[in-house]
Amino acid sequence: MPGPIKNVIVLGATGNVGRPVIAALAAAGFVVTAASRTPDQKFTDPVKGAVVDYNSMDALADLFRGQDAVIEAFPPHVAHLQSIIVEACLRAGRVEHIITPDFSCDTFNPHITELPLFVPKVEAQKVLEEKARGTHLSWSAIITGGWYDWAIPLGYYWINPGTKTITVYGSGNQRNSMCRVTTAAKAVCDILSDPDKFKNRPVYVADHTVSMNELIPILEEVRTGWNIVKVDLDEFVAEARRLWEEDSKKGVEVRLLSPAYNMFGTFGVFEEKNKYNADFERLIEPGRANDQKNRPQLLKDVRHALVEVGFLYLSNHGIKESTVNDLVKTLPVLFALPEDVKDSVALRQSPHFLGYSKFGTEITARVQDQREQFELANELEDIYARADGHPLYTRLQGPNQWLTADAMPNFRFIVESYISALQVVALRFLEVVTEALELPRDRLVPFTGFQDRLKLVHYRPFVDATLDAQSQGVGPHKDSSGWMTFLLQASDPSIKGLQALSKDGVWLDVPPVPGTLIVNMGQAFEVVTNGVCKATTHRVLLPPGDYDRYSVPFFQGVRPDLTKRDLQSLWEHFNKEKWNTRESEEGRRMDSPFLRGKYETWGEAQLRTKIRSHRDVGQRHYADVFEKYVNDG
Ligand SMILES: O=C(O)CCC(=O)C(=O)O
Ligand SMILES: [Fe+2]
């Protein structure tokens, strides 16, 4: 039996698969080296950055020395390197396990080589098996289907929210399995934690298996006005063949960028008889919800907390202690930086409202809040700037502003690891919530968006504050930007401040409990559940004294293109007679204005809220709509 896997090197570290895999591995406690062909300054301790040179066997073997596992997260067109990599693993001596660069369609299907884009991958797999046979080296291939989470917002998928187009290939009845990148990243961790269980075989991982004809009514419930385009599959594959041959005649080498490549991939997904195993639902490994014994009690508790209470503590959430501790330790250092350093990433510079806001710039319930904060999000491309045709609110999405590594070494890595870990927790928790509210599996996931936001917050009471005149950390509010909030109270447990408004209208302390996160619902969740689950009103009131309080709320994203009608699509399920619920008078006054407001999409309402609360950003980056949003009552 090989020893447990600890040291892991990821090849293709900067890609769409590499980055989340690295963050998930580091969050799970593996010692990670991130290797890419060009030097990348982004990886800092504890993740080690490294440059990989596939032309030198010696250099490669050196790089692998001391590693227990190699993850190949590069695109499959680099798979001809497999022979060199396996050789280097064997020379390095200790490497026990390789995860191959599949992360796509089922390359173990016997018909797959009919789709020429997969041929190099299949050949690489053959080489791997030949070379590893009889050695201590084992491997796993992760089959995921399409990456719908990053592909859909970019319009790369057959659902294109930018152009509001759904393309249906053939009958539309073919089901296919599809995956989120974070789910695959979690699978990498699961496999490396128990490699024997998964060794020398494909592992099937996916979040959903659906057909276009099943998906269209769901998409239409969530948002109307889709333009549906039908494509004849025979003509489509004939055209793919023609383009592929034309490329061959021209001597095209990097096929990944040519249309024929994607067309064959699409055909593989929509072939009518599942010849290429695009629907692999029956093969998906359990992995989720393995604590069946306690499930009924858990569901009861969660339902009670959501409907009757509004706030809950989440323990045993599975986030690695060091991921939380690294962040907690960073906060005092971060906020102690000189004001000009913090201001180098000022929020006002960012059209995405991501950056630093100093003390006293925020007002809640007409009183100035006593806090400073950094707003961050999972790193997304600024698609609004990149291509025409996206609605203005998509501009909320975009890259973070990072402090330089000199000012804050490791900062980016610590934050990204935490965000990745929280994304996984939030999705797992949503599965429990869905079941607790008696909804079909995956029914709530379509309400969640692609951008999750994180705030790092620092509070200080006024020096002259008294018990009668306490400082307002943040005034009473319901969270507006998230679907669910997962809050980390990141100071000593003796430091209080957070309070929630009970159903009877009494402010209750919500003290920090080590090892837990506090979960509360956001305004969109309240609307979707027809008010059955109230977004609880809360505030931070700082008792007088000389201390600092730190907190880190993570706001799970809401899909910005949701309309009022979309948000009401579950109201029949959440009918008020069946689901008894109540709220205090003060809480009711906090109600979400979205349904009453005049804005059609959630994203536009969000943009309006952001512009109104950060007017400097609004004037600077949204001059055309500034007056309209600020003066609309
Ligand atoms: O700092 C806290 O504990 C709560 C922060 C909060 O409610 C918010 O920023 O929305
Ligand atoms: Fe809040």
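Small disclaimer: the values here were computed from a predicted structure and weren't measured.

1. Some thoughts on the coordination of the iron ion (ligand 2)
Surrounding the iron ion (ligand 2) are the protein donor atoms His477 (NE2), Asp479 (OD) and His538 (NE2), which sit 2.1 to 2.2 Å from the metal. All donors to the iron ion (ligand 2) come from one chain, and their sequence spacing reads H-x1-D-x58-H. A residue pair is termed long-range when its members are at least 10 positions apart, and His477 in strand S20 (residues 471-477) and His538 in strand S25 (residues 538-542) qualify at 61 residues. The burial state of His477 is the same as that of His538; both residues are buried.

2. Things to note about the pattern of salt bridges
By the definition in use, this model includes 32 salt bridges. A salt bridge links Asp68 to Arg94; the shortest N-O distance between them is 2.8 Å. With Asp68 in the loop between helix H2 (57-64) and strand S4 (69-72) and Arg94 in the loop between helix H3 (82-92) and strand S5 (97-99), this residue pair connects regions lying 26 residues apart in the sequence. Between Glu435 and Arg295 there is a salt bridge; the shortest N-O distance is 2.8 Å. Of this pair, Glu435 sits in helix H15 (residues 411-436) while Arg295 sits in helix H11 (residues 295-309); the two residues are 140 residues apart in sequence, bridging distant segments of the chain. In this structure, a network of salt bridges that share partners links the residues Arg19, Glu379, Arg412 and Glu416.

3. Here we look at the confidence of the model for the protein
Averaged over every residue, the pLDDT of the protein is 87; the share at 70 or more is 94%. The complex model carries a pTM of 0.66, and its ipTM stands at 0.99.

4. Observations concerning unusual backbone geometry
Despite not being glycine, Asn277 shows a phi value in the positive range, around 60°. Here Asn277 shows up in the loop between helix H10 (259-270) and H11. For Asn277, a relative accessible area of 6% puts it in the buried group. Look at Asn410: it is not a glycine, yet its phi comes out positive at around 75°.

5. Overview of the nonpolar core
Counting 104 residues, the largest nonpolar core has Leu25, Leu456 and Phe486 as the members making the most contacts within it. Here this core gets 15 residues from one element, more than from any other, and that element is H15. Formed by 36 residues, the second largest nonpolar core is a distinct cluster that contains Ile152, Ala240, Ala260 and Met263.

6. What about the site of ligand 1?
As a matter of local geometry, ligand 1 sits amid 13 residues, with Arg371, Tyr459, His538, Arg549 and Ser551 nearest to it. Between ligand 1 and Tyr459 there is a distance of 2.5 Å, counted from an oxygen atom to a side-chain nitrogen or oxygen. Between an oxygen atom of ligand 1 and a side-chain N or O atom of His538, the distance comes to 2.9 Å. Coverage of ligand 1 by the protein chains reaches 96% of its 290 Å² of free accessible surface. With 4 residues, the top contributor of residues to the shell around ligand 1 is strand S26 (residues 549-555). Of the residues that constitute the shell around ligand 1, the class distribution is 6 nonpolar, 3 polar and 4 charged.

7. Section: a nonpolar patch on the surface
A grouping of Val254, Leu256 and Leu257 is seen on the molecular surface, where their side chains present a nonpolar patch of about 290 Å² in accessible area. Looking at the secondary structure, you find Leu256 in the loop between helix H9 (233-250) and H10.

8. Re H11
The terminal C-alpha atoms of H11, which comprises 15 residues, lie 20 Å apart, in line with the 21 Å expected from a rise of 1.5 Å per residue. By the burial criterion, the buried members of H11 are Arg295, Leu299, Val302, Ala305, Leu306 and Val307. Those residues of H11 that are buried lie in contact with strand S14 (311-314), H15, strand S21 (484-489) and strand S24 (517-521). A positive phi of about 105° marks Gly310, the residue just after H11.

9. A few points about the sheet that holds strand S15 (residues 356-357)
Taken in spatial order, the 7 strands make up an open sheet running S14-S24-S21-S26-S19-S18-S15, and their pairing is antiparallel. The open sheet has two edge strands, S14 and S15, and neither has a second partner. Packed onto the sheet, H15 meets S14, strand S18 (371-377), strand S19 (453-459), S21, S24 and S26 and runs at close to 130° relative to S21.

10. Topic: the packing of aromatic side chains
Taken as a whole and assessed by the stated rule, the structure comprises 20 aromatic pairs. Between Phe429 and Phe486, the aromatic rings sit 6.0 Å apart at their centres with planes inclined by 90°, giving edge-to-face as the arrangement. Remark: Phe486 occurs in strand S21 and Phe429 occurs in helix H15; sequence separation between them is 57 residues. Relative to Phe525, the ring of Trp483 lies with its centre 4.8 Å away and its plane at 70°, an arrangement referred to as edge-to-face. Of this pair, Trp483 sits in the loop between S20 and S21 while Phe525 sits in helix H16 (residues 523-528); the two residues are 42 residues apart in sequence, bridging distant segments of the chain. Residue classification places Trp483 among the buried positions, given a relative accessible area of 0%. The exposure class of Phe525 is buried, given its relative accessible area of 0%. What links up through ring pairs into an aromatic cluster is the set Trp158, Tyr169, Phe236 and Phe270.

Cut-off values and rules
- Residues numbered from 1 in each chain as written.
- Chains lettered and ligands numbered in written order.
- Predicted model: local features only at pLDDT ≥ 70, side-chain atom pairs only at ≥ 80, totals over all residues.
- Heavy atoms only, no water.
- Donors = N, O, S within 2.8 Å, 3.2 Å for Na, K, Ca; no water.
- Helix = DSSP H or I, 4+ residues; strand = E, 2+ residues; numbered from the N terminus.
- Buried < 20%, exposed > 50% of the residue type's maximum accessible area, 1.4 Å probe, protein only.
- Salt bridge = Lys/Arg side-chain N within 4 Å of Asp/Glu carboxyl O.
- pLDDT = per-residue confidence, 0-100.
- Core = buried A, V, L, I, M, F, W, Y, C linked by side-chain atoms within 4.5 Å.
- Near = heavy atom within 4 Å.
- Polar contact = N/O pair within 3.5 Å; in protein donor to acceptor, adjacent residues only side chain to side chain.
- Areas by Shrake-Rupley, 256 points an atom, 1.4 Å probe, with all protein chains shown as cover.
- Nonpolar A, V, L, I, M, F, W, Y, C, P; charged D, E, K, R; others polar.
- Patch = residues over 30% accessible without salt bridge, like charges linked within 9 Å, V, L, I, M, F, W, Y side chains within 5 Å.
- Expected span 1.5 Å × (residues − 1).
- Contact = heavy atoms within 4.5 Å.
- Pairing = 2+ DSSP bridges.
- Axes fitted to C-alpha atoms, helices over the stretch in contact; angles between N-to-C directions.
- Phe/Tyr/Trp six-rings, centres within 6.5 Å; stacked < 30°, edge-to-face > 60°.

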